[in-house]
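# A closer look at the structure
Chain by chain, the residues:
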Amino acid sequence: MGIEDRLNQIVKKDGAVHLTLLDPDSQQPDVAGNMAREAESGGTDAIMVGGSTGATGVVVEETVKAIKAACSLPVILFPANPGGVSESADAIFFMSLLNSRDINYITTSQMIGAPLVYKHGIEPISMAYIVIEPGGAAGWVGDARLIPRNRPKFAVAYALAAKYLGMHYIYLEAGSGADKPVPVEMVAAVKKAVGEETKVIVGGGIRDGKTARERVKAGADMIVTGTIVEQVEDVRGKIEELVSAIKS
Ligand code: 1GP
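Residues numbered from 1 in each chain as written. Predicted model: local features only at pLDDT ≥ 70, side-chain atom pairs only at ≥ 80, totals over all residues. Heavy atoms only, no water.

### Here we look at helix H2 (residues 29-42)
Look at H2: 20 Å from first C-alpha to last across 14 residues, which is about the 20 Å you get at 1.5 Å a residue. Listed in full, the buried residues belonging to H2 are Pro29, Ala32, Gly33, Met35, Ala36, Ala39 and Gly42. As for H2, its buried residues are in contact with strand S1 (17-22), strand S2 (46-49), helix H3 (58-70), helix H9 (227-231) and helix H10 (235-246). Positive backbone phi, at 105 degrees, marks Gly43, one or two positions downstream of H2. (Helix = DSSP H or I, 4+ residues; strand = E, 2+ residues; numbered from the N terminus. Expected span 1.5 Å × (residues − 1). Buried < 20%, exposed > 50% of the residue type's maximum accessible area, 1.4 Å probe, protein only. Contact = heavy atoms within 4.5 Å.)

### Description of unusual backbone geometry
The peptide bond linking Glu133 to Pro134 adopts the cis configuration, its omega dihedral lying at 5 degrees. Locating Pro134 in the fold gives a position in the loop between strand S5 (123-131) and helix H5 (136-141).

### Observations regarding the environment of Gly205
Relative to the helices and strands, Gly205 resides in the loop between strand S7 (199-203) and helix H8 (209-218). Once you skip the residues sitting within four places of it in the chain, Gly205 turns out to touch Gly175, Gly177, Ala178 and Pro181.

### Some thoughts on the confidence of the model for the protein
Considering every residue of the protein, the mean pLDDT works out to 97; 100% of them sit at 70 or more. Here H9 is the element of the protein with the lowest mean pLDDT, 95, and S7 is the one with the highest, 99. (pLDDT = per-residue confidence, 0-100.)

### A closer look at the side chain of Gln110
Its place among the elements puts Gln110 in helix H4 (residues 103-120). We classify Gln110 as buried; its relative accessible area is 14%. Apart from the residues lying within four places of it in its own chain, the contact partners of Gln110 are Phe94, Met95, Ser96, Asn104 and Tyr105.

Rendered as structure tokens:
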């Protein structure tokens, strides 16, 4: 079974998926491996690998290899550009930053990276990336026309456009380390519009079980946490808190 089918089955069975994001630019590969092992024992469903700056080439490849050696979870690439493609990963969020002003982030990087994905046999998971205020590094680097927090309609319109273009996943991103996560009203409006089949991922600024649960209750199918995992000493305990809060 492919990774996308596996994630969708977990959504069906448990009500939601938890994804742990590790930025290869934030720690050495062996440390990332240890964090992934702890996250696995805490119950996370897969490891995402990527970052807005400094997450390219050898550093990505070595981080993916260390994670694969340390745990049995699928590794999904979350690249900012074609340099974020690693041949050792299981899958890639093959994404387009729909609200970018820069065509590089909408189709050009995808055109450059697609032959690599094909060559290495990495499973592509088609995903729309929509950046919401405050947007963080992803918003700045990706030159996003940030969706205002009080305009769920704009997020819905992008999400519907993504669905009609054939994208399977919609990622609502508030930006890594955001002081405010994506508003629950926006998550609810997007999920209502796109329906059950199109999966909604929410990330950016989620630090505790309650915040994660509120977004799952509103309709998020998958929750991404990165920064908090890098900050806590007890990675396993933090992941357990998040996972138990979102799984039914
Ligand atoms: C960033 O949405 C992810 O791309 C995760 O955000 O680092 O705030 O958990 P945090």
